[in-house]
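# Close look at the chain arrangement
Okay, here's what each chain looks like letter by letter:
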Amino acid sequence: MIRFLDVHKSYRVDGREIPALQPFNLDIRDGEVFGIIGHSGAGKSTLIRLINLLERPSGGRILIGDTDMTALPEPALRAQRRRIGMIFQHFNLLSSQTVADNVAFPLRLAGERDAAKIRARVDELLARVGLTEHAGKYPSQLSGGQKQRVGIARALANRPEILLCDEATSALDPQTTASVLDLLAAINRELKLTIVLITHEMDVVRRICDRVAVLDAGRIVESGTVADVFLHPQHATTRRFVDEALPEEAATAQAPNMTGRVLRLTFRGAATLQPVLSRVMREHGVDFNLLAGRIDRIKELPYGQLTLALEGANTDAALAALRAAGIEIEEMGA
Amino acid sequence: MTASPLQSLFPNIDDWGELGHACIDTLLMLGGSLALTVLIGLPLGVLLYLTGKGQLRAMPKFYGIVSLLVNVLRSVPFIILMIVLMPVTYALVGTKLGVRGAIPPLVIGAAPFFARLVETALREVQQGVIEAAQAMGASTWQVVRHVLLPEARGGLAAGITVTAIALVGYTAMGGAIGSGGLGDLAYRYGYLSYKSDYMLVTVVLLVVLVQLLQMMGDRIVARYKRH
Ligand SMILES: Nc1ncnc2c1ncn2[C@@H]1O[C@H](COP(=O)(O)OP(=O)(O)OP(=O)(O)O)[C@@H](O)[C@H]1O
Ligand SMILES: [Mg+2]
């Protein structure tokens, strides 16, 4: 568990304290993928860098398990940092070293001298990220996606319990992003390590996170499971992020000249895959007009979200039946 | 005695052995002072880098003092530095003359210059790479040894080249006040005795030396730049 207790952070700029993060509390559970989403300058990097104390908090405590990171002397802090891997938006690989030497770097830093052991571990890691045949290349000879895979292999070298990802896919195209996210999800599943990732894209959160916190101007304005936050965003900033991820839907739902009651139905899990809607509408003699909709997944959870305009005498009874079938319903206002 | 082509071309140069000796003296002064300059300037440059504003071991006051000292040494013209340092030179190597006498002022003149070049080269290293190493638990020494120096090696090689070439110029100047070498020949025969062929030959040799250094340096830098 990573636990922030009354943590806040301000930067000293020209003798003045500029707040970057307002006091907050946050728990990140073992083995989960925790997302932090926010616009540029919201304080995401500051927050994630507090975890391995690349940034010292101005106040409050940061606990990893039972260890108070903020109280550690320098050598103990360095030992702790070896148990926390980190990957970066711009990869930050050593340009003067080969792929294999980049991956071996944290092992050597940790004092491993046995060349055979280093080799074996590097081979294993490169196989894990699918770069075995690139071991002898230099970073400048790799694509962005390959560089990030080297970054991931390097971050995993010392078998960390936590992996921090600072905008790990922001410099990559959509397809490469998807494959890097799949790799991160597989690592989380198979190695059971905790992943904390920050991003400005809701789609990244939707694909691999279990829980998410929304950061707005140094404040956590919303947090919860990704399904809850994504399907029922409360804060304006969150809504904007969700709309960015679903642009066409945001546009149609605002279409004028709609008659009847406009509702948004949310199906989660098994309900998504069953013909509940047509059955209930037929039984209650209600007509519906489909305004917008999508069926997709949040991590492994299938969900559907439909915006409907209902017309008919029996709409209330129909809605009650839908609710009984586990479908979430929101009135969208006339 | 039939005149060899060399003799007819350079009628005033009657002792080619002396010229060869001067060449070797210049190379010795260059080699010795360059090695010591790197040995002293590299740690000094690392120190300047580390203690600079916003760096790993920022110490503004300390940095200010070292920086001032470096600037003072850099702004004194070499020929004056050499004269001012004569007592120090004598105390260090027991003579003010010859190759040995030239090396202390050469090193004291060039090391601060090289240290600045080192500092600049290290500043070119991406902050993110340093941060990545810190995130892996690297100590400051490990960052210097395994990140800063290897990542900056292209810039460092370029700095050594520039310093070597500056040292060639310094050794030639030193010749005027008794340190021997090609500068000494050019000054004594070429300038004081109006034997312009001496001047020409020494200048050509110095130009060749500088060219060779530059080419070697460029080669090394290019090899490092490829990655
Ligand atoms: N070292 C620093 N010194 C002074 N101010 C800083 C420093 N680092 C960050 N800040 C400020 O703190 C605030 C939060 O910065 P942070 O880098 O955490 O944002 P971010 O959410 O990661 O943004 P981005 O998406 O652009 O990376 C910003 O206003 C930034 O200007
Ligand atoms: Mg950032």
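Residues numbered from 1 in each chain as written. Chains lettered and ligands numbered in written order. Predicted model: local features only at pLDDT ≥ 70, side-chain atom pairs only at ≥ 80, totals over all residues. Heavy atoms only, no water.

## Considering the interface of chain A and chain B
Inclusion rule: For this analysis, residues touch if any pair of their heavy atoms sits within 4.5 Å. Summed over both partners, the accessible area (1.4 Å probe) lost when two parts come together is defined as the buried area. Any carboxyl oxygen of Asp or Glu that lies within 4 Å of a side-chain nitrogen of Lys or Arg is treated as forming a salt bridge with it. Pairs of N or O atoms within 3.5 Å make up the polar contacts considered here, provided that, within protein, one atom can donate a hydrogen while the other can accept it, and that residues adjacent in sequence are counted only when both atoms are side-chain atoms. Counting from the N terminus, the helices are the DSSP runs of H or I reaching at least four residues and the strands are the DSSP runs of E reaching at least two. For this classification, Asp, Glu, Lys and Arg are treated as charged, while Ala, Val, Leu, Ile, Met, Phe, Trp, Tyr, Cys and Pro are nonpolar and the rest, including Gly, are polar.
Facing 21 residues of chain A, the contacting portion of chain B comprises 20 residues. Contact between chain A and chain B buries roughly 1,900 Å² in total, counting both sides, with carbon and sulfur atoms accounting for 57%. A per-residue breakdown of the area chain A buries against chain B is headed by Asn92(A), Ser96(A) and Leu109(A), which together make up 26% of the total. Summed over the shared surface of chain A and chain B, the result is one salt bridge. Its salt-bridge partner being Glu131(B), residue Arg49(A) comes within 2.6 Å of it at the nearest N-O pair. The tally of links between chain A and chain B comes to six residue pairs in polar contact (both at pLDDT 80 or more). Looking at the side of chain A that touches chain B, the elements that each hand over two or more residues are helix H2 (74-81), strand S6 (84-88) and helix H3 (99-109) of chain A. Tallied by class, residues from the side of chain A that touches chain B come to ten nonpolar, six polar and five charged.

## Description of the packing of aromatic side chains
Applied cut-off: Between 30 and 60 degrees the pair is tilted, below 30 it is stacked and above 60 it is edge-to-face, where a pair is any two Phe, Tyr or Trp rings, Trp via its six-membered ring, whose centres lie within 6.5 Å. Throughout this description, buried means an accessible area under 20% of the type-specific maximum (1.4 Å probe, protein chains only), exposed means over 50%, and partly exposed covers the range between.
Tallying each qualifying case throughout the model produces five aromatic pairs over all chains. Taking 6.0 Å as the distance between ring centres and 80° as the angle between the ring planes, the aromatic pair formed by Phe230(A) and Tyr303(A) counts as edge-to-face. Residue Phe230(A) is found in helix H8 (residues 226-231), and its partner Tyr303(A) is found in strand S13 (residues 301-311); the two are separated by 73 residues along the sequence. Judged by relative accessible area, Phe230(A) falls into the buried class, the value being 1%. Look at Tyr303(A) and you get buried, because its relative accessible area is 0%. Centroid distance Phe78(B) to Tyr170(B): 4.4 Å. Interplanar angle 5°. Geometry classified as stacked.

## Concerning helix H10 (residues 182-192) of chain B
All names here are of chain B. Taken together, the buried positions of H10 are Leu-182, Gly-183, Asp-184, Leu-185, Ala-186, Tyr-189 and Gly-190. As for H10, its buried residues are in contact with helix H2 (16-51), helix H9 (153-174) and helix H11 (196-225). Note on H10: the residue one or two positions beyond its end, Tyr-194, has a positive phi of about 55°.

## Topic: a nonpolar patch on the surface
All names here are of chain B. For clarity, the threshold we go by: Residues with no salt bridge and a relative accessible area higher than 30% make up the patches, which join like charges within 9 Å and nonpolar side chains (Val, Leu, Ile, Met, Phe, Trp, Tyr) within 5 Å. Surface exposure here means Shrake-Rupley accessible area, sampled with a 1.4 Å probe, where a residue is shielded only by the protein chains that are shown.
Residues Tyr-187, Tyr-191, Leu-192, Met-199, Val-203 and Val-207 make up a contiguous nonpolar surface patch of about 540 Å² in total accessible area. Elements supplying a minimum of two residues to the nonpolar patch: H10 and H11. When you line up the elements, Val-207 lands in helix H11.

## Structural notes on the site of ligand 1
Residue and element names in this part refer to chain A. Operational definition: A cutoff of 4 Å decides nearness: a residue is near a molecule or strand if any of its heavy atoms lies inside that distance of it.
The local shell around ligand 1 consists of Tyr-11, Val-13, Ala-20, His-39, Ser-40, Gly-41, Ala-42, Gly-43, Lys-44, Ser-45, Thr-46 and Glu-167. At 2.5 Å, a side-chain N or O of Ser-40 approaches an oxygen atom of ligand 1. Here Gly-41 contributes a backbone N or O atom positioned 2.8 Å from an oxygen atom of ligand 1. Burial of ligand 1 by the protein chains amounts to 58% of its free accessible area of 630 Å².

## Quick word on helix H6 (residues 174-191) of chain A
All names here are of chain A. The cut-off we apply is this: Expected helix span is computed as 1.5 Å times (number of residues minus one).
With 18 residues, H6 should cover 26 Å at 1.5 Å per step; its first-to-last C-alpha distance of 25 Å lies within 8% of that length. Thr-176, Thr-177, Ala-178, Val-180, Leu-181, Leu-183, Leu-184, Ala-185, Ala-186, Ile-187 and Asn-188 are the residues of H6 that are buried. Two or three places before Gln-175, at the start of H6, stands the capping residue Asp-173, its side-chain oxygen 3.1 Å from that residue's backbone nitrogen. Where H6 ends, the next residue or the one after it, Lys-192, has phi of about 55°, a positive value.

## A word on the domain arrangement of chain A
Residues and elements named next belong to chain A. Heads up, the condition is: Domain start and stop positions are those given by an automatic or database domain assignment.
Annotation of chain A at the domain level lists domain 1 (2-244) and domain 2 (254-331). Averaged C-alpha coordinates put domain 1 and domain 2 at centres separated by 38 Å. If you look at the interface, domain 1 gives 14 residues, while domain 2 gives 13 residues. Taken over both partners, the interface formed by domain 1 and domain 2 buries close to 1,000 Å², and the fraction arising from carbon and sulfur atoms is 48%. Taken together, domain 1 and domain 2 are joined by three salt bridges. We note a salt bridge from Arg-268 to Asp-228, for which the minimum N-O separation is 2.8 Å. Viewed at the interface, domain 2 and domain 1 are joined by ten residue pairs in polar contact (both at pLDDT 80 or more).

## Some words on the pattern of salt bridges
Residue and element names in this part refer to chain A. One pass over the full model with this rule turns up 28 salt bridges over all chains. With a shortest N-O distance of 2.9 Å, Arg-49 and Glu-55 are connected by a salt bridge. Look at Arg-49 and you get buried, because its relative accessible area is 12%. A salt bridge links Arg-264 to Glu-330; the shortest N-O distance between them is 3.4 Å.

## Topic: the sheet that holds strand S1 (residues 2-13) of chain A
Sheet strands line up and pair through hydrogen bonds in the backbone, either parallel or antiparallel. All names here are of chain A. As a reminder, the rule being used: Two strands pair under a simple rule: DSSP has to find at least two bridges between them. Axes here refer to lines fitted to C-alpha atoms; in helices the fit is confined to the stretch in contact. Angles between the N-to-C directions go from 0 to 180 degrees.
Across the sheet, which stays open at both edges, the four strands sit in the order S2-S1-S4-S5 with antiparallel pairing between neighbours. In the strand order of this sheet, the two ends are held by strand S2 (16-28) and strand S5 (67-68), each with one partner. In this sheet, S2 lies alongside S1 in antiparallel orientation, the contact comprising nine bridges. Across the sheet, Lys-9 pairs through a bridge with Leu-21, a residue of S2. Contacts between helix H1 (residues 44-51) and the sheet are confined to S1, S2 and strand S4 (59-64), with S1 contributing the most and set at about 120° to the helix.

## A short note on the nonpolar core
Here is the rule we go by: Note on terminology: a nonpolar core comprises buried Ala, Val, Leu, Ile, Met, Phe, Trp, Tyr and Cys residues joined through side-chain atoms within 4.5 Å.
By size, the foremost hydrophobic cluster in this structure holds 55 residues, and its most contacted members are Phe4(A) and Leu148(B). Here this core gets five residues from one element, more than from any other, and that element is helix H7 (residues 127-135) of chain B. Leaving out residues up to four positions away in the same chain, Phe4(A) has contacts with Phe24(A), Asn25(A), Leu26(A), Ile28(A), Leu47(A), Leu50(A), Ile51(A), Arg61(A) and Ile62(A). Ranked by size, the runner-up nonpolar core spans 52 residues in total, among them Ile87(A), Ala168(A), Ile208(A) and Leu246(A).

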